[in-house]
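# Architecture at a glance
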Amino acid sequence: MTRIPFNSGWTRRAPRGAFAAGPTSDEIAVQLPDDALRDEERTPDAPGRGAGAYYPNGAYTYVKQFPAPEEWEGAIVRLEVEGAYRHAQVFLNNDLVGNRSDGYARFFVDLTPFLRIGEENELRIEVRAGQDSRWYSGAGLHRPVSLHVDAPLHIVPDGIEVDTVRLAGTRAVIEVRTRLRNAGIPTRTVRASSQVLDPDGRPVASASTPATLVGGEDATVRQRFYIDDVALWSPDHPHLHTLRIALEDSEPVEVRFGIRTVTVDPAVGLEINGEAVTIRGASVHHDNGPLGAAAIGRAEERRVALLKEAGFNAIRSAHNPISSAMLDACDRLGVLVMDEAFDMWTRGKSPFDYALDFPQWWREDLTAMVAKDRNHPSVIIYSIGNEIAETGSRHGARIARGLAEHVRALDPTRLVTNGVNALLASLDDIPALMEEFGGLNQIMSEGDYFGTVSASRVAGERIEESSAALDVLGLNYGETRYAQDAQLYPGRVIVGSESFPSQIGRLWPLITSLPHVIGDFTWAGWDYLGEVGLGSTNYSPRAEGQQLALEGEFPFLTANTGDLDITGYRRPISYYREIVYGLRAEPYIAVHRPDRYDEPFAQRSPWGWSDSVASWTWPGFEGRGIRVEVYAAAEEVALLLDGRELGRQRVGDEVPLLALFNVEYAAGSLEAVAYTDGREVGRTTLVTAGAPRLTASADRRELTADDADLAFIAIEFRDDSGRLVASHDQEVVVEVTGAGVLAGMCSANPSTTERFDADRWRTFDGRALAVIRPTGPGAIDVRVTSQGHDNVAIRLHAGEDSEPLTKERNR
């Protein structure tokens, strides 16, 4: 089996009628993965408004010319598209050869009957997107494309399944099932030779099995391997084995896998390899900030790495199947995955969303997700939906059961969940809710009406049947059910599939005290495009009784939520969470923006955090009031400025593990000292920065000249001691020459008219980010300039790919 990367040599243009011919002036060359929508003009009157980050609808045509050499005569040639958003139609030589509705589904198209052997062939893929998502979706071939060329007798794509059958001490039993296909006419006998390599690449087991197939027949070859002194996969020790399998006279196929078991029990919680694990989860959307929706491998890997460094041990792919590149990173780095399929079933949430396609496509799309992901050890649980209103109805429960059973038939080794919002599932029964609570006003008067309704008798009855179809009940904002469900449903295991970040200090002790609750996924781990302003602090005055507006007005760009901003920089909430998790002993200081000191916020979004920055550099605000937050796992905090105590506050009076101070700003060294039982347990310091100077640093200078690698350049204003000058912002310009291009640029500003394809941005809180993509082997020179500052030059180097993607991996 030969797998050929098919990401270069494409052009992109607007669609045109069936009778048009020849090139058009709007054609541009693109490298996949690519998000065509990212560079369109954002406008206040965009049809999807803030949900889609004020981007327009889009329709695009991708074209690639390629030869079909004579040696392909008699071969089976398939196209693999990992993600085409959305309503993709695939044409070869102007004939329709396949289509797919879902923009996140990986699919294959058989090109063989339409190929012109010995000639040039034209591949065309058309996509359309608009008002079909509650967040920014992007548009185009946003995930990689590959070409598979197989002999008539071959291993079927996704035809290798690896399962851990048993663990007994240090010995493991592994079963491998390999599906073969004889697409030819003669009967053939072939030998499947397999070898298992340990994480260091040493052979630890092998098998060789003959199989006879008549023409047109499929057959499954089963092989068992018994491995001693096995290195298990877990979040702390993500050991990966390799299965190498080959048929006679064919290239070997490699599958990387992890040996591990996953179980849940309401009495003990989640166990991996028999050891208890509590999920510290981040919900993440699929976009990569300045790259838009393009799932470029290094960008996906970087996100996983930064989330793990911030204390997360799991991600939830909200609310669509995750990319293969991100799963590969989770496997390597030891991050658990909740692999989610759908954001809607039959009831739409946007005018033209997947609800229109669900009845026809759900089975095939679920099958594709499981086939793509089942060999990834990081995937421990499949989610069949998110906030599906039908889960509160009888017929919705029927759908839930059908989805869950289909997943189990495909992969019985993993858990099945559904992200249930009990409030939404109960909206069809408003009269019963009013009767239970004594009227609608009484429900809305409760401070936490999400929790109030979730814990209600009505909600419990509405979701009972659909919940029974699951191995683990996912509850979105439903923590009020946690304790009571242990009594009402003793066999129920729960995961907090979505929670308010502002509540983690209260939630985490509850979660860790209840064994049937296996963890929590915050909304969100990483800021994202669309649902704009969701987490922002609202300073605008509101009329009495007016609800908080959760959608920011144009030019808002991001949701402005998440522990990490779109550049990958950790926000104060991230450090607070780290202390809540018990992963950080040192306190942390965050300072509210002083220009808002005299403007009490109208309301803080529950999806947000305080409008604060870890900085004690605020020129022009000397002698004026400023609010300081200190996060500490302690009883009391003393705040000192240049050694002089400004005050002491008890920790947790208003928010768990947080002390709030109101002081006057003065430059100097601000120090927080934490005490428990009168004994110091930690301290931390913020020092006023000196004069800013322009700096730039690359996350890595040695790159691979392929379609998956990137370099991320952090552009910052720092003083001579390396302190970030968050109060200093100005325009920075990036110039790239040599064997690379500027793939995208941004800051963390949630509201801006700047463009990701521009070569200049104004920094935000002293920072900006540039992303460099290799175009071939060679040197890449990056020059960063800003008025009044010395230029900064960085040289990167892109080398030849040491391991071309010519073999099937993780299939």
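Structure report, in brief. Values in this document were obtained by computation on a predicted structure and should not be read as measured data.

### With respect to the sheet that holds strand β33 (residues 625-631)
The strands making up a sheet associate through backbone hydrogen bonding, with each pair oriented either parallel or antiparallel. What the four strands build is an open sheet, ordered β32-β30-β33-β36; its pairing is antiparallel. A strand with exactly one partner marks an edge of an open sheet, and here the two such strands are β32 (612-613) and β36 (658-664). Across four bridges, strand β30 (residues 588-592) lies against β33 in antiparallel orientation. Bridge pairing in β33 places Val591 opposite Val628.

### Overview of the environment of Ala739
The topology assignment puts Ala739 in the loop between β42 (731-738) and β43 (740-746). Taking the C-alpha atoms as reference, Ala739 lies 7.4 Å from Ala798; in sequence the two are 59 residues apart. Excluding anything up to four places from it in sequence, Ala739 contacts Pro774, Thr775, Gly776, Pro777, Gly778, Ala779 and Ile780.

### Re the environment of Glu254
Mapped onto the elements, Glu254 comes out in strand β17 (residues 253-257). Taking relative accessible area as the criterion, Glu254 reaches 6% and is therefore assigned buried. In this structure, the C-alpha to C-alpha distance between Glu254 and Leu243, residues 11 residues apart in sequence, is 5.5 Å. Only 2.9 Å separates the side chain of Glu254 from the side chain of Arg244, close enough to count as a polar contact.

### Some details on the sheet that holds strand β1 (residues 2-5)
If you trace the four strands from one edge of the open sheet to the other, you get β1-β10-β5-β8, paired in antiparallel fashion. Of all strands in the sheet, those with a lone pairing partner are β1 and β8 (107-110), marking the two edges. On average, each strand axis in the sheet is tilted by 25° relative to the strand beside it, whichever way the strands run. As paired strands, strand β5 (residues 76-81) and strand β10 (residues 145-150) are joined by six bridges and run antiparallel to one another. For Val77, the partnering residue across the bridge sits in β10 and is Val149.

### Some thoughts on helix α3 (residues 358-373)
Of the residues making up α3, those classed as buried are Phe358, Trp361, Trp362, Asp365, Leu366, Ala368, Met369, Val370, Lys372 and Asp373. Its buried side turned inward, α3 meets β7 (95-100), β11 (153-168), α2 (324-333), β23 (336-340), β24 (379-386) and α4 (394-410).

### Regarding unusual backbone geometry
Look at the link from Leu32 to Pro33: it is a cis peptide, with omega at -5°. The topology assignment puts Pro33 in the loop between β3 (28-30) and β4 (58-67). Between Trp523 and the following residue, Ala524, the backbone shows a cis peptide bond with an omega angle of 5°. For Ala524, the position within the fold is in the loop between β28 (517-522) and β29 (537-538).

### A word on the packing of aromatic side chains
Applying the stated criterion to the full structure yields 21 aromatic pairs. Judged by centre distance (5.5 Å) and plane angle (85°), the rings of Tyr54 and Phe554 are edge-to-face. Of this pair, Tyr54 sits in the loop between β3 and β4 while Phe554 sits in the loop between β29 and α12 (572-580), and the two are 500 residues apart along the sequence. By relative accessible area, which is 1% here, Tyr54 ends up buried. Summarising the aromatic geometry, the rings of Tyr55 and Tyr136 are spaced 4.9 Å apart at their centres and angled 50° between planes, so their arrangement reads as tilted. Of the two residues, Tyr55 is situated in the loop between β3 and β4 and Tyr136 in the loop between β9 (120-129) and β10; the sequence distance between them amounts to 81 residues. Each member of the pair, Tyr55 as well as Tyr136, carries the same accessibility label: buried. Ring pairing ties together the aromatic residues Phe342, Trp345, Tyr354, Phe358 and Trp362, which thus form one cluster.

### As for α12
Helical geometry: 3.6 residues make up each α-helical turn, so side chains three or four residues apart lie on a common side. For α12, a buried count of nine out of nine residues is recorded, marking the element as mostly surrounded by other parts of the structure. By the burial criterion, the buried members of α12 are Pro572, Ile573, Ser574, Tyr575, Tyr576, Arg577, Glu578, Ile579 and Val580. In the segment just after α12, Gly582 is the residue with positive phi, at about 80°.

What counts, and at which threshold
- Residues numbered from 1 in each chain as written.
- Predicted model: local features only at pLDDT ≥ 70, side-chain atom pairs only at ≥ 80, totals over all residues.
- Heavy atoms only, no water.
- Pairing = 2+ DSSP bridges.
- Helix = DSSP H or I, 4+ residues; strand = E, 2+ residues; numbered from the N terminus.
- Contact = heavy atoms within 4.5 Å.
- Buried < 20%, exposed > 50% of the residue type's maximum accessible area, 1.4 Å probe, protein only.
- Polar contact = N/O pair within 3.5 Å; in protein donor to acceptor, adjacent residues only side chain to side chain.
- Axes fitted to C-alpha atoms, helices over the stretch in contact; angles between N-to-C directions.
- Phe/Tyr/Trp six-rings, centres within 6.5 Å; stacked < 30°, edge-to-face > 60°.

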